[in-house]
Amino acid sequence: MTHVLAVIGDMFPDAHCELNHSNPFELTIAVLLSAQCTDETVNKVTADLFQKYRTPADYLAVPLDELENDIKRIGLYRNKAKFIQNLSRILIDEYDGEVPREHEALTKLPGVGRKTANVVVSNAFGVPAIAVDTHVERVSKRLGFAKADDGVLEVEKKLMKLVPRELWTETHHRLIFFGRYHCKAQNPKCPVCPLLDCCKEGQQRMKPALNRKAMN
DNA sequence: AACTCGGGGCA
DNA sequence: TGCCCAGAGTT
């Protein structure tokens, strides 16, 4: 695992959270919006969104359909608009308008699941965490850090065991970049992957190509 | 465990 | 055009 992280670190030395934000509240909104779409798409929307809405009260000051329209370029926008207004109400009523720093409290917010809470605590509050999204899950399974039928919680536990706590957040960022830009769901770059010699799945994927070579 | 939300990106 | 996607909630 240490070797793998070092290699990925060389591939993506600047791995970081790609969602544009300038405070915990904006990060929470951005991660919530990022469900099932790329960070790039989210950033296009939040560029204007964060100019118009700066506080929880701002999101409650407009009708639901206006907020829906403001995030319409993102998928699942009806759910997300509702989540944002309900979440804003709770922040005002129960947390003095601030995003709570506790993981438990975060996951109770509408639209905020385990993955979003992990991203918020690690990127906004400096608490070590490994957020397991589909990229981290896929990469972890391909590299053999988790079993194929493990759920996201199981994958998270296994990764945390393999990596010292102070490296959890960095590990999360590296695995995300590796999965997003190299070890992609479709057409992963196995032929040029520096981890091929320690990746069973990659070797398996490369076999047909080797067989074709042998035929020639 | 399966289903739903959904426009954007990519083949 | 058709397919999949940096999730979370409901049934």
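Worth saying up front: this structure is predicted, and the values here are computed from it rather than measured.

Engineer: What exactly am I supposed to notice about the protein's contact with DNA strand C here?
Structural biologist: Near DNA strand C you find 22 residues, and of these Glu18, Asp39, Thr116, His135 and Arg180 are the closest. For DNA strand C, the backbone makes up 61% of the atoms found within 4 Å of the protein, where backbone means sugar plus phosphate. For DNA strand C, a phosphate oxygen lies 2.5 Å from a polar atom in the side chain of histidine 135. Elements supplying a minimum of two residues to the surface near DNA strand C: α8 (114–124), α9 (134–142) and α11 (168–181). Counted by class, the surface near DNA strand C contains nine nonpolar, eight polar and five charged residues.

Engineer: Can you help me understand the UniProt feature "domain: HhH-GPD" (unreviewed entry) in chain A in this one?
Structural biologist: Per the UniProt record, "domain: HhH-GPD" (unreviewed entry) is found at residues 33–181. Within the segment residues 33–181, helix and strand shares are 65% and 0% respectively, and the terminal C-alpha atoms sit 21 Å apart.

Engineer: Please explain the protein's contact with DNA strand B as it appears in this structure.
Structural biologist: The environment of DNA strand B is formed by Gln36, Lys44, Lys72, Arg73, Gly75, Leu76, Tyr77, Arg78 and Asn79. A share of 57% of the atoms of DNA strand B within 4 Å of the protein falls on sugar and phosphate groups. The contact in question runs from a sugar or linking oxygen of DNA strand B to an N or O atom on the backbone of arginine 73, over 3.4 Å. Note that a phosphate oxygen of DNA strand B is positioned 3.3 Å from one of the backbone N or O atoms of tyrosine 77. Looking at the surface near DNA strand B residue by residue, the classes come out as two nonpolar, three polar and four charged.

Engineer: Just to check I follow, could you spell out the packing of aromatic side chains for this structure?
Structural biologist: The geometry of two aromatic rings is summed up by the distance between their centres and the angle between their planes. Overall, the coordinates contain five aromatic pairs when judged by the stated rule. Note on phenylalanine 12 and tyrosine 181: the rings are 6.2 Å apart at their centroids and 40 degrees apart in plane angle, and the pair reads as tilted. Taken together, the residues span a long stretch of sequence, with phenylalanine 12 in the loop between α1 (2–11) and α2 (24–33) and tyrosine 181 in helix α11 at a distance of 169 residues. Under the relative-accessibility criterion, phenylalanine 12 is labelled buried at 13%.

Engineer: What am I meant to see in empty space enclosed by the protein here?
Structural biologist: If a probe as big as a water molecule is rolled over the atoms, it shows which places are left empty. By the definition in use, this model includes one cavity of 30 Å³ or more. By volume, the largest cavity amounts to about 100 Å³. In terms of lining residues, the largest cavity is bounded by 15 residues, among which Phe178, Cys183, Cys190, Cys193 and Cys199 are the most central. Here the lining of the largest cavity gets three residues from one element, more than from any other, and that element is helix α12 (residues 200–215). Broken down by class, the residue content of the lining of the largest cavity amounts to nine nonpolar, two polar and four charged.

Engineer: Sorry if this is basic, but what is going on with α1 here?
Structural biologist: Residues separated by three or four positions in an α-helix point in the same direction, a consequence of the helix having 3.6 residues per turn. Along α1, the residues that are buried comprise Val4, Leu5, Val7, Ile8 and Gly9. In this structure, the buried residues of α1 make contact with α11.

Engineer: I keep staring at the pattern of salt bridges and nothing clicks. Help me out?
Structural biologist: Pairing is possible between side chains of opposite charge, provided their charged atoms come close. Within the structure shown, the criterion is met by 10 salt bridges. Between glutamate 137 and lysine 141 there is a salt bridge; the shortest N-O distance is 2.9 Å. With glutamate 137 and lysine 141 both in helix α9 and four residues apart, the pair spans about one turn of that helix. Here glutamate 201 makes a salt bridge to arginine 205, at a shortest N to O gap of 3.4 Å. Of this pair, glutamate 201 and arginine 205 both sit in helix α12, four residues apart, roughly one helical turn. When salt bridges that share partners are traced, they join Lys52, Glu66 and Asp70 into one network.

What counts and how
Residues numbered from 1 in each chain as written. Chains lettered and ligands numbered in written order. Predicted model: local features only at pLDDT ≥ 70, side-chain atom pairs only at ≥ 80, totals over all residues. Heavy atoms only, no water. Near = heavy atom within 4 Å. Polar contact = N/O pair within 3.5 Å; in protein donor to acceptor, adjacent residues only side chain to side chain. Helix = DSSP H or I, 4+ residues; strand = E, 2+ residues; numbered from the N terminus. Nonpolar A, V, L, I, M, F, W, Y, C, P; charged D, E, K, R; others polar. UniProt positions renumbered as here; feature names shortened; annotations may be inferred. Phe/Tyr/Trp six-rings, centres within 6.5 Å; stacked < 30°, edge-to-face > 60°. Buried < 20%, exposed > 50% of the residue type's maximum accessible area, 1.4 Å probe, protein only. 1 Å grid on protein atoms, 1.4 Å probe; cavity = no way out; pocket = protein on both sides within 12 Å on 5 of 7 lines; lining within 4 Å. Points joined across faces, edges and corners; volume = space filled by probe spheres on them. Contact = heavy atoms within 4.5 Å. Salt bridge = Lys/Arg side-chain N within 4 Å of Asp/Glu carboxyl O.

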